[in-house]
Amino acid sequence: MLNIGSHISSSKGYYAMGKQAVKLGANTFAFFTRNPRGGKAKEIDEADVAKYLELAQEQDFAKIVAHAPYTLNGCSADEGLRKFAKDTMADDLRRMEYTPGNYYNFHPGSHVKQGVEIGIDYIAQMLNEILKPEQNTIVLLETMAGKGSEVGRTFEELKEIIDKVELSDKLGVCLDTCHVWDAGYDIVNDLDGVITHFDSVIGLDRLRAIHLNDSQNPFESHKDRHAKIGEGSIGIEAFGRIINHPALCGLPFVLETPNDDEGWAKEIAMLREMFIQN
Ligand SMILES: [Zn+2]
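Residues numbered from 1 in each chain as written. Predicted model: local features only at pLDDT ≥ 70, side-chain atom pairs only at ≥ 80, totals over all residues. Heavy atoms only, no water.

Where an unreviewed UniProt entry is consulted, the chain appears under the name Probable endonuclease 4, with the organism given as Robinsoniella peoriensis. As recorded by UniProt, the Function (unreviewed entry) comment attached to the chain reads in full: "Endonuclease IV plays a role in DNA repair. It cleaves phosphodiester bonds at apurinic or apyrimidinic (AP) sites, generating a 3'-hydroxyl group and a 5'-terminal sugar phosphate." (UniProt positions renumbered as here; feature names shortened; annotations may be inferred.)

Asks: Could you clarify how one ought to interpret the overall build of the chain in this entry?
Replies: Looking only at helices and strands, one finds 9 helices and 10 strands in the chain. Computed over the C-alpha atoms, the radius of gyration of the chain is 18 Å, within 12% of the 19 Å expected from 2.2 N^0.38 for a compact globule of 278 residues. Split into buried and exposed, the 278 residues of the chain put 56% on the buried side. Contacts in the chain between residues at least 24 apart in sequence constitute 77% of all its contacts with a sequence separation of at least 6. (Helix = DSSP H or I, 4+ residues; strand = E, 2+ residues; numbered from the N terminus. Rg over C-alpha atoms; globule rule 2.2 N^0.38 Å. Buried < 20%, exposed > 50% of the residue type's maximum accessible area, 1.4 Å probe, protein only. Contact = heavy atoms within 4.5 Å.)

Asks: What is the right way to look at the coordination of the zinc ion in this model?
Replies: Tetrahedral coordination by four donors places them ideally at 109.5 degrees to one another around the metal; octahedral coordination by six donors ideally gives 90 or 180 degrees. Donor atoms from the polypeptide that bind the zinc ion are Glu142 (OE), Asp176 (OD), His211 (ND1) and Glu256 (OE), placed at 2.1 to 2.2 Å. Geometry at the zinc ion is irregular, judged from its 4 donor atoms and the angles of 84 to 174° they form at the metal. The sequence pattern formed by the donor residues of the zinc ion is E-x33-D-x34-H-x44-E. With a gap of 114 residues between them, Glu142 in strand S5 (residues 138-142) and Glu256 in the loop between strand S10 (253-255) and helix H9 (261-274) connect regions that are remote in the sequence. The exposure class of Glu142 is buried, given its relative accessible area of 0%. Given the relative accessible area of 14%, Glu256 is considered buried. (Donors = N, O, S within 2.8 Å, 3.2 Å for Na, K, Ca; no water. Tetrahedral: all angles 85-135°; square planar, octahedral: opposite > 155°, others 65-115°.)

Asks: It is not clear to me how the pairing of strand S4 (residues 103-106) should be interpreted in this structure. Could you clarify?
Replies: A regular strand places its side chains so that they alternate between the two faces of the sheet. Alternating positions in S4 separate into two faces, Tyr103 and Asn105 on one and Tyr104 and Phe106 on the other, with burial throughout. For the crossover from strand S3 (residues 65-67) across helix H3 (residues 79-96) to S4, the handedness is right-handed. Bridge count for S4 against S5 is 4 bridges, and the pairing is parallel. From the neighbouring strand, Tyr103 faces S5, where its bridge partner is Ile138. Handedness of the S4-helix H4 (residues 116-130)-S5 crossover: right-handed. (Right-handed = clockwise from strand over helix to strand, strands pointing away. Pairing = 2+ DSSP bridges.)

Asks: What's the story with H3 in this structure? I'm lost.
Replies: Two residues of an α-helix separated by three or four positions point the same way, owing to the 3.6 residues in each turn. The end-to-end C-alpha distance of H3, which contains 18 residues, comes to 26 Å, matching closely the 26 Å that a straight helix rising 1.5 Å per residue would cover. Arg82, Ala85, Thr88, Met89, Asp92, Leu93, Arg95 and Met96 are the residues of H3 that are buried. Relative to the axis of H3, the buried residues are bounded by an arc of 160° and lie together on one face. The secondary structure elements touched by the buried residues of H3 are helix H1 (14-23), strand S2 (30-32), S3, S4, H4 and S5. The backbone nitrogen of Gly80 lies 2.7 Å from a side-chain oxygen of the residue at the head of H3, namely Asp78. (Expected span 1.5 Å × (residues − 1). Arc of directions from axis to C-beta. Polar contact = N/O pair within 3.5 Å; in protein donor to acceptor, adjacent residues only side chain to side chain.)

Printed below as a string of structure tokens:
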């Protein structure tokens, strides 16, 4: 079974997201925990969550992958912005416990002229303040394209963050195919080599989810512009190898492609078709 889904609007709550996922042919999905530009989150409606959990079990959903607002920057030079990122993530993680055992993904941040080492320290410090031993949510660091001063452009940078976090058993990695390609990891011509490298630097047990996106830009461009599957520089054959790779095929795959619902339903159906049942 290929675990695949897309981003879904969270404005109508969990049950509506679950229903929408089913409608798209998905058995996992991603959603922004609040407006992607930040702002206040809706309080959890426990009846809605209970209905969702029942649906998820009935439909045999894989783990879902919540996404932090992409504007959070836990390694900003500005103390107020660092605090905002920390408080927002702590609140998101509190709400994630209503749907235990899932993933919460975030972009590590941008160090903006402070240097990558300071960036890594701030991110680890933030995680050390918000992770709790009793939490049932795994927090995923996303691999980044290396646009501007993004932290997380190499597997080594993510590993450094993980090593500085005390409760690192609460951490994993979400690999974004567009980002790693733009960052200079050749998943088209040497997927095995990239996976082996990930394993030797971070460890494959940390790899928990895949953001499945084609790229509008060439290899190693450090740009981060997602394209529809098969319509970018990564190409359809590479996606066939990615979803069928034995080290990846059980993970939740999340589409963040520039699409509407109809486009996502088509991509999901196409990828299911390309998945070799075993
Ligand atoms: Zn992504």
